[in-house]
Amino acid sequence: MNTDLLLETSLMKSFTKRLMCAALMLVGTGITFAQDRYPNRPISIIVNSAPGALLDVTTRTVAQQMSETLGQPVIVDNRPGADGQIGIRAVKTAANDGYTLLATSNTLAQLPAFKKDPGYELKDFVGIGIMNQAPLLMVSAPSLPYRTLAELIAAAKAAPDALSFASGGVGTTTHTAPAIMMHQAGIKMVHAPYKGISGAMSDVIAGRVVFAFDGGNSSGPQIKDGRLRALGITSAKRSPAFPDIPTIAEQGFPGYSYAVYLGLVAPAGTPNEIVQRLARALQAAQASEPVRERFRRDGAEAGALSPEAFTAFIREQAVAADFFVDEYCTVYPYQVNCSHHPSSL
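Figured I'd write up the structure that's included with this text.

So, how was this worked out
- Residues numbered from 1 in each chain as written.
- Predicted model: local features only at pLDDT ≥ 70, side-chain atom pairs only at ≥ 80, totals over all residues.
- Heavy atoms only, no water.
- 1 Å grid on protein atoms, 1.4 Å probe; cavity = no way out; pocket = protein on both sides within 12 Å on 5 of 7 lines; lining within 4 Å.
- Points joined across faces, edges and corners; volume = space filled by probe spheres on them.
- Helix = DSSP H or I, 4+ residues; strand = E, 2+ residues; numbered from the N terminus.
- Nonpolar A, V, L, I, M, F, W, Y, C, P; charged D, E, K, R; others polar.
- Axes fitted to C-alpha atoms, helices over the stretch in contact; angles between N-to-C directions.
- Parallel < 35°, antiparallel > 145°, perpendicular 65-115°, else oblique.
- Left-handed = near helix turned anticlockwise from the far one by under 90°.
- Contact = heavy atoms within 4.5 Å.
- Core = buried A, V, L, I, M, F, W, Y, C linked by side-chain atoms within 4.5 Å.
- Buried < 20%, exposed > 50% of the residue type's maximum accessible area, 1.4 Å probe, protein only.

1. Points about empty space enclosed by the protein
And step 1. Scanning the entire structure with this criterion turns up one cavity of 30 Å³ or more.
And step 2. Around the largest cavity, the lining comprises 27 residues; the ones closest to its centre are S49, A53, T172, T173 and I197.
And step 3. Mapped by element, the contributors of at least two residues to the lining of the largest cavity are helix 2 (54–70), helix 6 (173–185), strand 8 (211–215) and strand 10 (260–267).
And step 4. Of the residues assigned to the lining of the largest cavity, the class counts are eleven nonpolar, 13 polar and three charged.

2. Quick notes on the packing of helix 4 (residues 107–114) against helix 6
And step 1. The N-to-C vectors of helix 4 and helix 6 enclose an angle of 70°; their axes lie 10 Å apart at closest approach. Considered as vectors, helix 4 and helix 6 are oriented roughly perpendicular to each other. Handedness of the crossing formed by helix 4 with helix 6: left-handed. Between helix 4 and helix 6, the contacting residues are T107, Q110 and F114 on the first element and T173, H175 and T176 on the second.
And step 2. In the contact of helix 4 with helix 6, the residues fall into one nonpolar, five polar and no charged.

3. A look at the nonpolar core
And step 1. Counting 56 residues, the largest nonpolar core has M66, M181, M189, F211, F213 and L278 as its most contacted members.
And step 2. Beyond its immediate stretch of four places on either side in the chain, M66 contacts V74, L264, L278, A281, L282 and A285.
And step 3. By size, the runner-up hydrophobic cluster in this structure holds 17 residues, among which are A109, V265, F313 and I314.

Coordinates in, geometry out; function isn't part of it.
This is how it looks when you write it as structure tokens:
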């Protein structure tokens, strides 16, 4: 065989191997460089509630401040409906590249307890952090005869299933908070779920439904204007933002408290470097004066959980929700979808 040909073939093989190694090194460097540059385009936060709700208002305030830290626009996209499932499912199927996030509340952990197939599992998401925790206000129309929580409960006991309450949907915070209270009180009322709690408030103000639990951001001003009557607040102690509103606990329900936590999550598989970057941007937003002022007005407190701790917290809340619904279904099976719980079989 020609010696020159053998030498040329050997050199070509060596050159090809070196070229392939160089290409692989460039690919790896490109991936690292792309992650280092995150974010390099706008970020979308899908909110699974209607505009004007506590989750929506909070997210918009936080997103604006996060945008300043991240150097890219952070766009809020409302996807309400199906008890919050539409927005949740949209983020579940989104790319796990850090450009599509979900702003949600207790609902994310609670829905699997209320619904046989909510269309997602908690393992589909990774936590970024809690924006804040806030109480809810129990409100009714001034035109109705119930001036106190005690009067309303007495009326409900006298006429089971005759009175109604509104919520933002089955398994949402505005459903579970009153459900826990009614369970403690031993009363039965008709549940009227709406497409988001903001959509229910016109009927509450008109007295077409007896009461609802709503965020202080929307109901607080209407209480001051006389369009709504406050019957209680879900915090364990009176809120500095609403000092004249008695807690539900002090009105005969010792131990009752309910806090709405509003947080950000990303699709599972989002690189940890990106999750941590977003968590730092959230923390910076929480420390900003516009966000702090918004939280003060709403009677809310900033959250302080790391992404890992928030992910674990969501799973703990899911266990608690499942336990409550199992117990609730033995008493009020018609108010929730209890078909997949042993207590209803």
